[in-house]
Amino acid sequence: ELERKQMVLTLDLGAIGSASYQTCAVRKIACAHPALQIVVAHLAQPSLRMRTERALLREWKEQLDLGSLPNVFFDLASLPNYVPPEEPWPFPTAERFLRDALERLGSRKILWGSDIPGLLLKDSYRALLSASRHWLRKLSSVERSRILGANAMRIYFNQG
């Protein structure tokens, strides 16, 4: 029905390793409904445990690889929540997660998101947006524009 109505399916699949982290199910949906735009929230929820638990890193990369499908995208909402609790602005761990995802997916597959109001417990909206811009500083203006708005306009509003 979402495909027929040209709507977007946005999924929060939970933490890596949880029962809800169903990469194969999302792949089946995406392949069965190629006109359905799918956004996986929270950049597939990277985990600090991926540094030591290779199985989690493999699962995260497998989920990111859904981005090779033409109708699957990822948002950055809540990314600062996946860093060590004591890590200060601009959250360098979040930048590393984003850089890894960009190397795998490119800028056409990633959308900025805030996860407001929940993320306001981490910092102010202004500081969170500023951190995102800091993470994207090494990209071209076209790539930054895609992530900070153009991709969302194309996917959610069929513009661009």
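Criteria and cut-off values
Residues numbered from 1 in each chain as written. Predicted model: local features only at pLDDT ≥ 70, side-chain atom pairs only at ≥ 80, totals over all residues. Heavy atoms only, no water. Buried < 20%, exposed > 50% of the residue type's maximum accessible area, 1.4 Å probe, protein only. Helix = DSSP H or I, 4+ residues; strand = E, 2+ residues; numbered from the N terminus. Arc of directions from axis to C-beta. Contact = heavy atoms within 4.5 Å. Disulfide = S-S within 2.5 Å. 1 Å grid on protein atoms, 1.4 Å probe; cavity = no way out; pocket = protein on both sides within 12 Å on 5 of 7 lines; lining within 4 Å. Points joined across faces, edges and corners; volume = space filled by probe spheres on them. Core = buried A, V, L, I, M, F, W, Y, C linked by side-chain atoms within 4.5 Å. Axes fitted to C-alpha atoms, helices over the stretch in contact; angles between N-to-C directions. Parallel < 35°, antiparallel > 145°, perpendicular 65-115°, else oblique. Left-handed = near helix turned anticlockwise from the far one by under 90°.

**Regarding helix α2 (residues 54-64)**
Among the residues making up α2, those that are buried are L56, L57, W60, Q63 and L64. One side of α2 holds all its buried residues, which, seen down the axis, span an arc of 125°. Residues of α2 that are buried sit in contact with α1 (23-32), β2 (37-40), β3 (72-75) and α3 (92-105).

**Quick look at the state of the cysteines**
On inspection of all chains with the given rule, the structure shows 0 disulfides. We note that C24 lacks a disulfide partner, and the nearest cysteine sulfur, in C31, lies 11 Å from it. Judged by relative accessible area, which is 60%, C24 ranks as exposed.

**Thoughts on empty space enclosed by the protein**
Throughout the structure, instances matching the rule amount to 1 cavity of 30 Å³ or more. Roughly 50 Å³ of internal volume is contained in the largest cavity. Together, L76, S78, P80, W112, G113, S114, L119, L128, S132 and W135 line the largest cavity.

**Observations concerning the nonpolar core**
Core analysis: the biggest nonpolar cluster contains 42 residues, and L43, F74, L79 and I110 have the highest contact counts within it. For this core, the secondary-structure elements that each account for two or more residues are β1 (8-11), α1, β2, α2, β3, α3 and α4 (125-135). Looking at this core element by element, the count peaks at 6 residues for α3. Not counting the four nearest positions on each side in its chain, L43 is found in contact with W60, L64, F74, D75, L76, L79, F97, L98, A101 and I110. Counting residues in hydrophobic clusters, the runner-up holds 5 residues, among them V8, F73, L111 and I155.

**Digging into the packing of α2 against α3**
Two elements in contact, α2 and α3, have axes whose closest approach is 10 Å; the angle formed by their N-to-C orientations is 50°. In terms of orientation, α2 and α3 fall into the oblique class. Handedness of the α2/α3 crossing: right-handed. Across the interface between the two elements, W60, K61 and L64 from α2 touch F97, D100, A101, R104 and L105 from α3.

**Comments concerning α1**
Restricting attention to buried positions, one finds in α1 the residues T23, V26 and A30. Projected down its long axis, α1 carries its buried residues within an arc of 65°, all on one side. Exposed side chains of α1 directed beyond 90 degrees from the buried face belong to C24, K28 and A32. The inward-facing, buried residues of α1 contact β1, β2, α2 and β3.

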